Amino acid sequence: MADAPHDPDAPRTAPGPPGPPATELTLRPLGFEHLAAVLELGRRVYDTDAMPYTGWSLSAVAGHLDAPDPACLVLLDGERVAGFVLGSLSFEQRADWGYLEWIAVDPDYQGRGAASRLVEECCARLAAAGAVCVVTDVERRNTASAELMRRNGFAEEATVSLFVRPLADAPASGAGRSRDTSAPRRHLTRAAAERVR
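From a predicted model like this one, the values you see are computed outputs, not experimental measurements.

1. Details of the packing of aromatic side chains
Then, in step 1: Within this structure, the stated rule accounts for 2 aromatic pairs.
Then, in step 2: Ring centres of Tyr 46 and Trp 102 lie 5.2 Å apart, and the angle between their planes is 65°; this geometry places the pair in the edge-to-face category. Here Tyr 46 is found in the loop between α1 (35-45) and α2 (58-62), whereas its partner Trp 102 is found in strand β4 (residues 94-105), with 56 residues between them in sequence.
Then, in step 3: Tyr 46 sits in the buried class, given a relative accessible area of 6%.
Then, in step 4: Taking the centre distance of 4.9 Å and the plane angle of 70° together, the rings of Phe 84 and Trp 102 count as edge-to-face. Taken together, the residues span a long stretch of sequence, with Phe 84 in strand β3 (residues 80-91) and Trp 102 in strand β4 at a distance of 18 residues.
Then, in step 5: By relative accessible area, Phe 84 is classed as buried at 0%.
Then, in step 6: These aromatic residues form a ring-pair network of at least three members: Tyr 46, Phe 84 and Trp 102.

Here it is as C-alpha cells:
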C-alpha cells in the first residue's frame, strides 16, 4: 500500500493548488498504453525507503497483463491515469484467495472516492473469478491506507514485522541500497497467510 500523506478518499480540508475539474473518471482494464503512467504514479506516491517492497518494476506490472482473470484497472480522466489498482487471483498457496497488491491515486484526484472505487471494482472482479476473500497488506505507519481498507470491508487479521539486519559493509542509508524491484512482494506476507489459514 502507498505511504500516502493523507486518506485518499477523505475530503480535502486545507486549500491547495487547484486540481483538475471534477469530471467523470472512467474505469478501464490496465493496458500496455498505461504501464509508464502507472509506474510513474506508483513511484511518486509510494515511499520505497520506508518500505522497500512497495516498489515495482516494468516487468512486474506488465506481468499482470497476462492474467486470465484480470483485476487490474486504471481510473482515467480522459487519457490521464488518475489512479490504478493491481489485483490477482491467488495469494501465496491459496488459489481461492484474491490479492489486492498495489493501489495508488494521484494526489490531484484524492478526496473524490477514487480509491474506494478502485478497491470495490478490484474485489468484485476477484470475486467473479472465484476468490472467496481478498487479502492486502498495509505498512504499519500508513494509517490512511489502513482506514481506506477498513471502510471497504477489510479487517486486520495478522501482523507481520519486517526484520532488517544492516551489514557492516552496506551503505548507512536506504538511498544507496540496491533493490530488486522485479522480485514479487509476496515473500514478505507468507507468514501472514500461514497465520490466518
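Resuming the write-up.
2. With respect to helix α3 (residues 114-128)
Then, in step 1: Under the 1.5 Å per step criterion, the end-to-end length of α3 is 21 Å for 15 residues, consistent within 8% with the ideal 21 Å.
Then, in step 2: Restricting attention to buried positions, one finds in α3 the residues Ala 114, Ala 115, Ser 116, Leu 118, Val 119, Cys 122, Cys 123 and Leu 126.
Then, in step 3: Buried residues in α3 make contact with β1 (26-29), β2 (73-77), β3, β4, β5 (133-135) and α4 (143-151).
Then, in step 4: Positive phi shows up at Gly 130, right after α3, with a value of about 115°.

3. Section: the pattern of salt bridges
When the charged atoms of two side chains with opposite charge come close together, those side chains can pair.
Then, in step 1: Inspection of the entire model under this criterion finds 9 salt bridges.
Then, in step 2: Taking the shortest distance from any N to any O, the salt bridge between Asp 108 and Arg 80 comes out at 2.8 Å. Of this pair, Asp 108 sits in the loop between β4 and α3 while Arg 80 sits in strand β3, and the two are 28 residues apart along the sequence.
Then, in step 3: Looking at Asp 108, the relative accessible area reads 32%, which means it is partly exposed.
Then, in step 4: Arg 150 is the partner of Glu 147 in a salt bridge, and the nearest nitrogen-oxygen pair spans 3.8 Å. Within this pair, Glu 147 and its partner Arg 150 are both found in helix α4, separated by 3 residues, close to a single helical turn.
Then, in step 5: One salt-bridge network, in which partners are shared between bridges, spans Glu 40, Arg 44, Arg 80, Asp 106 and Asp 108.

4. Structural notes on the sheet that holds β5
Then, in step 1: Sheet architecture is open: 5 strands sit in the order β1-β2-β3-β4-β5, paired in mixed fashion. In this open sheet, the two edge strands, each paired with only one partner strand, are β1 and β5. On average, each strand axis in the sheet is inclined to that of its neighbour by 30°, with strand direction left out of account.
Then, in step 2: Examined bridge by bridge, β2 and β3 share 5 bridges and lie antiparallel to one another. Following the sheet pairing, Leu 73 is matched in β3 by Val 85.
Then, in step 3: On the sheet, α1 packs against β2, β3 and β4 and is oriented at approximately 90° with respect to β3.

The rules behind the values
- Residues numbered from 1 in each chain as written.
- Predicted model: local features only at pLDDT ≥ 70, side-chain atom pairs only at ≥ 80, totals over all residues.
- Heavy atoms only, no water.
- Phe/Tyr/Trp six-rings, centres within 6.5 Å; stacked < 30°, edge-to-face > 60°.
- Helix = DSSP H or I, 4+ residues; strand = E, 2+ residues; numbered from the N terminus.
- Buried < 20%, exposed > 50% of the residue type's maximum accessible area, 1.4 Å probe, protein only.
- Expected span 1.5 Å × (residues − 1).
- Contact = heavy atoms within 4.5 Å.
- Salt bridge = Lys/Arg side-chain N within 4 Å of Asp/Glu carboxyl O.
- Pairing = 2+ DSSP bridges.
- Axes fitted to C-alpha atoms, helices over the stretch in contact; angles between N-to-C directions.

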